[in-house]
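Close look at the chain arrangement
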Amino acid sequence: QKEVEQDPGPLSVPEGAIVSLNCTYSNSAFQYFMWYRQYSRKGPELLMYTYSSGNKEDGRFTAQVDKSSKYISLFIRDSQPSDSATYLCAMRGVVYSNYQLIWGAGTKLIIKP
Amino acid sequence: NAGVTQTPKFRVLKTGQSMTLLCAQDMNHEYMYWYRQDPGMGLRLIHYSVGEGTTAKGEVPDGYNVSRLKKQNFLLGLESAAPSQTSVYFCASTRGTPSYEQYFGPGTRLTVT
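No experiment lies behind these values; they were computed from the predicted model shown. All residue numbers refer to position in the chain's written sequence, counted from 1. Numbering of ligands from 1 and lettering of chains from A proceed in the order in which they are written. In keeping with the predicted nature of the model, local features appear solely for residues at pLDDT of at least 70, side-chain atom pairs appear and are counted solely at 80 or more, and the whole-chain, interface and lining totals rest on all residues. Excluding hydrogens and water, the side-chain values take into account all heavy atoms of the structure.

Brief notes about the nonpolar core
- For the purposes of this section, nonpolar cores are sets of buried Ala, Val, Leu, Ile, Met, Phe, Trp, Tyr and Cys residues that join through side-chain atoms within 4.5 Å. Residue exposure (1.4 Å probe, protein chains only): buried if accessible area is under 20% of the type maximum, exposed if over 50%, otherwise partly exposed. A:Val4, A:Trp35, A:Ile72, A:Leu74, A:Tyr87 and A:Met91 are the most contacted members of the largest nonpolar core, which has 24 residues in total.
- Breaking this core down by element, the ones donating at least two residues are β3 (19–25), β4 (30–38), β5 (45–51), β7 (61–66), β8 (71–76), β9 (85–93) and β11 (107–112) of chain A. The helix and strand labels rest on DSSP assignments: H or I over at least four residues marks a helix, E over at least two residues marks a strand, and numbering proceeds from the N terminus.

Listed below in structure tokens is the structure:
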């Protein structure tokens, strides 16, 4: 079993819809949670970063961490065609001295105009 | 600042040929990583470096070698390419604390025939 599970999709929704992307993980030591966005034929870029539990909002994006359920989510409100990309979750614990991240497989998101 | 750059962007190799992928970063980051990305498998860590002159194995190191002779450069070598090494290769770097954000290069698309 992988340490981080993420549905690869694709997830196709109409423009303006609320999108929910999710990852589950098995290592209770994870403390840092990130969402990266990767456009086609580009490198991933950091979208949201959360430490420990709770919510974090940035414009149309909200990252949510539920450590009791080992479940993280990324919500996108008023989705736009420009949000079409692959979204990767990444996480790590405190004890990783090499700052290595553990990655989900990525969910391909398609926003239909 | 250019951030993280990778050369070449594309390459086609025949089985058994060798090549070196170059990664350069201008952010004075200590930590550098080489990943491969295959459909449905997310990012898999090949090798990483925690500083100039250091290297270590990641999740899928077989068939690859690396060197970090200068802080800003991280080289990935394939001594005898195999079709299983057909992939997109990404280099990333981070300064570590307080942010663990990894900055990615644009990727190298490698095909081994």
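Considerations on the packing of aromatic side chains
All names here are of chain A.
- Each Phe, Tyr or Trp ring, with Trp reduced to its six-membered ring, pairs with another whose centre is within 6.5 Å; inter-plane angles below 30 degrees give stacked pairs, above 60 give edge-to-face pairs, and intermediate values give tilted ones. On inspection of all chains with the given rule, the structure shows 13 aromatic pairs over all chains.
- The interplanar angle of 50 degrees and the centroid separation of 5.8 Å between the aromatic rings of Tyr25 and Phe30 together place this pair among those described as tilted. Comparing Tyr25 with Phe30 shows no difference in burial state: the two are buried.
- Between Tyr32 and Tyr51, the aromatic rings sit 4.9 Å apart at their centres with planes inclined by 45 degrees, giving tilted as the arrangement. Highlighted residues: Tyr32 in strand β4 and Tyr51 in strand β5, separated in sequence by 19 residues.
- Given a relative accessible area of 48%, Tyr51 falls into the partly exposed group.

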